Amino acid sequence: MTASFRSEWFRLSRRPAVWFLCAGLLAVLLLFTYLLVWAIFTNPPRGVATAGVSPAELKRTLYPADWPRTVLGDTTGLGGAIAVTLGVLVAGSEYGWGTVKTILTQGPGRLKALAGKALAMELLVAILAVAMMAVGAAASAVLVTVDGRTSAWPSAAEVLEALGAAWLILTMYASLGFVLAVLFRQTGLALGVGLVYALVVESIVLNLLRGADVFKPIVSAFPGANATGLVMAFPSIGLRGAAEPLMGAAQASIVLVAYVVLFAAVSALVFRVRDVD
Amino acid sequence: MQSPGPVPAPLDDRSIVTRGLTKHFAAIIAVDGLDLDVRYGEVYGLLGPNGAGKTTTLRMLLGLAHPTAGTALVAGQPPGTAASLAHVGSMVETPAFWPYLSGRDNLRAVAAYAGTSEARVDESLAAVDLSERAGHRFSTYSMGMKQRLGVAAALLKDPDVLVLDEPSSGLDPAGMIEMRQLIAGLRKERRTVLLSSHLLSEVEQVCDRAGVLQHGRLIAEGTIAELRGQGRLVVRATPADRARALLDAMLGPDCVAAEGGFLRLNVDPARAGEINRRLVLDDVEVTELRVVERSLEDVFMQLTEERQ
């Protein structure tokens, strides 16, 4: 498996598309989550709705105390969609290029080859999670200084927990893209299905359904709802009084890990038994 | 780093063996009970029309497709296992590589999977005369260069057995000649080469033996000379009608056919002297009498048309 991982990472680290995607997510985090929101709260447009909370209070989400929670907010939604795309690219492009046969005829064994690929994807996701936290920390430090305010930094334990949560959430979405690519043996359909699921089903349909008590048990079984639940488990000064999460951090983490294991198992089973074109 | 073990000691002189190898795709029988024996150090050609089952056979021998029934051994091991693939280099259908990497980096990635040393990368590139363009991205390569990189990847493991699917596909005439020279070189090095090809002239020139597949079954097999069979005699004689009557009487009408001013005789060429003497004794002027070798193309067309 080491040889498979080395080859996989050698290729992945030289692939421009994955770094463009990661850079895109970091740019969204910096420009939209921090700078645009800061600009709006600094000069609030007339009639902007803030649900009774003052813009100055909401700006505290951009300061260091809220930094882990604010960054985590970007790992679902668009972050999830980008992680799905990464997973699809890692596994699905091989089918388009026909390189699955190039890999397997070298003799690594199907499961070892797949495990090497999944590990390389995990490393990429971990780098992305660290980069997101770093960009968030830098942006929050700059903005609190520009505003002339003070804000306590979260504890190292909280930062590590947030980093782990970001990695787990991005891993879940990337694994979803990975398994879809293995199932469909291509990028196009896998990307379409994955993005529709992440952006439409999870972000819109299930968010609407979670408002009704009768649907809450169903919604809380979905991976996106648990990702959101894990994000909401982190404290936020700026978002005090926001909606209660559907589940606790421990339950959300367990469900997300279960989904990652499920996606990996399905990928392995299908990849092992199927003929390679 | 994984390194190939010693070559499995051959129990006999066969490098690739299949028995009853069968592959179904739903109701379609792609390969049907194939018994194949490829000997160590020979170049064996698989011939057949499109859809005959050549590529499916090669894919099963590489572990890319699971057989529906039957058994196979490649380099003494079950196909697709690490023990087998450690001794097998291959190129199936079009050469497939990562387009954003250079030729050299592609081979480095492949070498990492195969557990071979990076020193082999430059040796393999040199063997296919691709060293100068090795630093360029694969996506900028011509078809011929891609094909050569595919062969370089197949040579990376310094394999005992090479499985090549249409190795000259997409190459220009000069590239085809180079490919044939390369295969001839592999034969000199006593490597086993199993290749499929549509190019009958290629098989004729580079293969020691060939098998003809039709509807997934091996319908003929042998050395190229055996497949061609004996040559035929062609006679041009005057008067033609008298010559035809004499030969019909002598050889039987089934063995004589008129063809563009010639008479084609389906008999042992060793009878040429006897035929010449008979015609001359009966006052027929023989202006031409020669042996015509059957080409592999003739054999192929005859075999595949007979089975349609």
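Starting afresh in each chain, residues are numbered from 1 along the sequence in its written order. Working convention: letters from A go to chains and numbers from 1 go to ligands, in the order in which they are written. Thresholds applied to this predicted model are a pLDDT of at least 70 for local features of residues and 80 or more for the giving and counting of side-chain atom pairs; totals over whole chains, interfaces and linings are not thresholded and use all residues. With hydrogens and water stripped out, all remaining heavy atoms of the structure feed into the side-chain values.

Student: With reference to specific residues and values, describe the packing of aromatic side chains.
Tutor: Here the aromatic set is Phe, Tyr and Trp, taking the six-membered ring for Trp, and pairing holds for ring centres within 6.5 Å; pairs whose planes are under 30 degrees apart are stacked, those over 60 apart are edge-to-face, and all others are tilted. For the structure shown, the criterion picks out six aromatic pairs over all chains. On the basis of an interplanar angle of 55 degrees and a centroid distance of 5.7 Å, the ring pair of W97 of chain A and Y100 of chain B is categorised as tilted. Placement of the pair is W97 of chain A in helix α5 (residues 78-97) and Y100 of chain B in the loop between β5 (88-91) and α3 (103-114), with the two residues belonging to separate chains. Taking 5.8 Å as the distance between ring centres and 40 degrees as the angle between the ring planes, the aromatic pair formed by Y259 of chain A and F263 of chain A counts as tilted. Strands are runs of DSSP state E lasting at least two residues, helices are runs of H or I lasting at least four, and both sets are numbered from the N terminus onward.

Student: Pulling in residues and values, what's your account of the pattern of salt bridges?
Tutor: Any carboxyl oxygen of Asp or Glu within 4 Å of a side-chain nitrogen of Lys or Arg constitutes a salt bridge here. What the rule picks out here adds up to 29 salt bridges over all chains. A salt bridge links K59 of chain A to D147 of chain A; the nearest nitrogen and oxygen atoms lie 3.1 Å apart. Here the residue K59 of chain A occupies a position in the loop between α3 (55-58) and α4 (67-73), and D147 of chain A occupies one in the loop between α7 (110-146) and α8 (156-184), the gap between them amounting to 88 residues. Between R236 of chain B and E288 of chain B there is a salt bridge, with the nearest N and O atoms lying 3.5 Å from each other. Taken as a pair, R236 of chain B in strand β10 (residues 232-238) and E288 of chain B in strand β13 (residues 285-292) lie far apart in primary sequence, 52 residues in all.

Student: Give me the confidence of the model for chain B: which residues, what numbers.
Tutor: All names here are of chain B. What pLDDT expresses is the predictor's confidence in each residue, scored from 0 to 100. Predicted confidence across chain B gives a mean pLDDT of 89, with 95% of residues reaching 70 or more. Should any heavy atoms of two residues lie within 4.5 Å, those residues are considered in contact. Predicted confidence is poor over residues 1-9, with pLDDT under 50, and the contacts of this stretch with residues over four places away or in other chains come to 20 contacts. Both scores are available for the predicted complex, with the pTM at 0.86 and the ipTM at 0.89.

Student: With reference to specific residues and values, describe the sheet that holds β10 of chain B.
Tutor: Adjacent strands of a sheet form backbone hydrogen bonds with each other and so pair up, either parallel or antiparallel. Residue and element names in this part refer to chain B. Should DSSP find at least two bridges between two strands, the strands are taken to pair. Strand order in the open sheet made by the four strands is β11-β12-β10-β13, with antiparallel pairing throughout. The open sheet has two free edges, formed respectively by β11 (256-259) and β13, since each of these has just one partner strand. On average, each strand axis in the sheet is inclined to that of its neighbour by 25 degrees, with strand direction left out of account. Note: β10 against strand β12 (residues 262-265), three bridges, orientation antiparallel. Of the residues in β12, the one forming a bridge with V235 is L263. Only C-alpha atoms enter the line fits that serve as axes; for helices the fit covers just the stretch in contact. Angles between N-to-C directions range over 0 to 180 degrees. Contacting β10, β11 and β12, helix α9 (residues 240-251) crosses the sheet at an angle of about 155 degrees to β11. Where helix α10 (residues 272-281) meets the sheet, it contacts β10, β12 and β13, and its direction lies at approximately 165 degrees from that of β13.

Student: Tell me about the interface of chain A and chain B, and please be specific about residues and values.
Tutor: If you look at the interface, chain A gives 30 residues, while chain B gives 31 residues. In short, buried area is how much 1.4 Å probe accessible area vanishes from two parts on joining, totalled over both. Among the residues of chain A in contact with chain B, K101, T105 and Q106 of chain A are the three that bury the most area, contributing 24% of the side total. Inspection of the chain A/chain B interface yields three salt bridges. Two N or O atoms count as a polar contact when they lie within 3.5 Å, although within protein this holds only if one can serve as hydrogen donor and the other as acceptor, and sequence-adjacent residues are included solely when both atoms are side-chain atoms. Counting across the interface, chain A meets chain B through 17 residue pairs in polar contact (both at pLDDT 80 or more). Those elements that provide at least two residues to the side of chain A that touches chain B are α1 (2-12), α5, α6 (99-104) and α12 (249-273) of chain A.

Student: Would you mind going over α10 of chain B in detail, with residue names and values included?
Tutor: Residue and element names in this part refer to chain B. Residues A272, I275 and L279 constitute the buried set of α10. Taken end-on, α10 shows its buried residues confined to a sector of 70 degrees, consistent with a single buried face. Among the exposed residues of α10, those pointing more than 90 degrees away from its buried face are R277 and L281. Where α10 is buried, its residues meet β10, α9, β12 and β13. The first or second residue beyond α10 is D283, which carries a positive phi of 65 degrees. When a residue's accessible area, from a 1.4 Å probe over protein chains only, is under 20% of the maximum for its type it is buried; when over 50% it is exposed; and in between it is partly exposed. It is the directions from the helix axis to the C-beta atoms whose arc is reported.

Student: Provide a residue-level description of the pairing of strand β8 (residues 209-214) of chain B, including the pertinent values.
Tutor: Residue and element names in this part refer to chain B. For β8, the tally of buried residues reaches six of six residues, placing the bulk of the element in the interior. With burial as the criterion, each face of β8 is covered, one bearing R209, G211 and L213 and the other bearing A210, V212 and Q214. Relative to β8, strand β3 (residues 43-47) runs parallel, the two sharing four bridges. Directly across from L46, in β8, lies its bridge partner G211. With six bridges connecting them, β8 and strand β9 (residues 217-223) associate as antiparallel partners. By the bridge assignment for β9, V212 is matched with A220. Hairpin connection, β8 to β9: the antiparallel pair is bridged by two residues, and H215 has positive phi, about 50 degrees.

Student: Can you break down the sheet that holds strand β2 (residues 28-39) of chain B residue by residue, with the values?
Tutor: Residue and element names in this part refer to chain B. Strand order in the open sheet formed by three strands is β2-β1-β4, and the pairing between neighbours is antiparallel. At either margin of the open sheet sits one strand with a lone partner, and together these are β2 and β4 (69-74). Within this sheet the neighbouring strands show an average axis-to-axis angle of 15 degrees, counted without direction. Note: strand β1 (residues 14-25) against β4, five bridges, orientation antiparallel. By the bridge assignment for β4, I16 is matched with V74. Contacting β1, β2 and β4, helix α1 (residues 54-61) crosses the sheet at an angle of about 115 degrees to β1.

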